[in-house]
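Here is how the chains run, residue by residue.
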Amino acid sequence: MMGIKDIYRRLSGGKSRDDEASKESVHVPFVLYEADEEEQTSLVTSAKIHDAVSRLSDTLNLRLLNCCPVDSSYGACTGFSCEFFEDIPVYEVAVYFEEDSQRVKYVADFCTPEEVSRMLCAYFLWQEVPEIDGRWEKQYFYPEPDDRDPYWLYVGYSCFRHISYDDVMAALSDLEDGKCQSFLLRTPSGSNGYMEVGGCRGSYTVKAAVATPSGDIAVYRTCTSYASLIKDWLSGYYHKYEYPPIRDGWEDITDDERSRGTTIHN
């Protein structure tokens, strides 16, 4: 069975890990997250993936997302996540796909960190998607309950009040194609804040209006080039009312939004 060192050897023809890490770090469209997305880097290397896997614990997980989906026979692959359960012990790996406008994931358990590192590095280096065989369980993202609060979708000056998640993805596609400059998603009451996405393909500006424990709304803004990351944030907000993780790189613009009267859009 080929180990992580064999991967370096296969790619570099005998070059050292440091040499190859330097090569991989240039303009690679991946983002690596650790510790519930508190730590992130877009300067991904095989060595960093290997180190992140070795640090996995009950309280530390990782996600590897790619900027452009990778076509495969299972759908367009958008990345991986991995958790480690120490009491079993087992590594739970999920691989994510977009399949006929539906986001799905396949989940499987692995026994060793070498297996996980080999799989993630193969995807990172050569965009190789693992074979989805009988060990993988297919799961769909967040079925929508009938009693959920509705969402309103604002695209330009138009408001759409009877929408599905497919409509949100269509708005993002229109933004990327230059058919609109921004769109905003919120519930009618505004009590769950909102998410607004603007910009163009490869250069997005995202605003997240977050409900605070005191009942106020705080608004944050960030910029990113990763559509897959925006899809994750929109999916979490639409399906589970989850806000993007606010960390370094997000600017608090609450006062500016309030002065403009746009903290809550009615």
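It should be noted that the structure appears before, not after, this text.
For the structure given in this document, a descriptive report is provided here. All figures in this text were calculated on a predicted structure; none of them were measured in a lab.

## Digging into the overall build of the protein chain
Here is step 1: A tally of helices and strands in the protein chain yields seven helices and 14 strands.
Here is step 2: Classification of the 266 residues of the protein chain by burial places 50% in the buried group.
Here is step 3: Residue pairs in contact within the protein chain that sit at least 24 positions apart in sequence constitute 56% of those at least 6 positions apart.
Here is step 4: Summing over all exposed atoms, the protein chain offers an accessible surface of approximately 13500 Å²; the carbon and sulfur share of this is 47%.

## Notes on helix α6 (residues 227-240)
Here is step 1: Look at α6: 19 Å from first C-alpha to last across 14 residues, which is about the 20 Å you get at 1.5 Å a residue.
Here is step 2: When you tally the buried positions in α6, you get 13 out of 14 residues, the bulk of the element.
Here is step 3: The first or second residue beyond α6 is Y241, which carries a positive phi of 55°.

## Focus: the environment of M119
Here is step 1: Positionally, M119 belongs in helix α4 (residues 113-126).
Here is step 2: According to the relative accessible area criterion, M119 is buried, its value standing at 11%.
Here is step 3: For M119 and V93, which are 26 residues apart along the polypeptide, the C-alpha to C-alpha distance reads 9.7 Å.
Here is step 4: Excluding residues that lie within four positions of it along the chain, M119 makes contacts with F80, V93, F110, P130 and W136.

Rules used throughout
- Residues numbered from 1 in each chain as written.
- Predicted model: local features only at pLDDT ≥ 70, side-chain atom pairs only at ≥ 80, totals over all residues.
- Heavy atoms only, no water.
- Helix = DSSP H or I, 4+ residues; strand = E, 2+ residues; numbered from the N terminus.
- Buried < 20%, exposed > 50% of the residue type's maximum accessible area, 1.4 Å probe, protein only.
- Contact = heavy atoms within 4.5 Å.
- Areas by Shrake-Rupley, 256 points an atom, 1.4 Å probe, with all protein chains shown as cover.
- Expected span 1.5 Å × (residues − 1).

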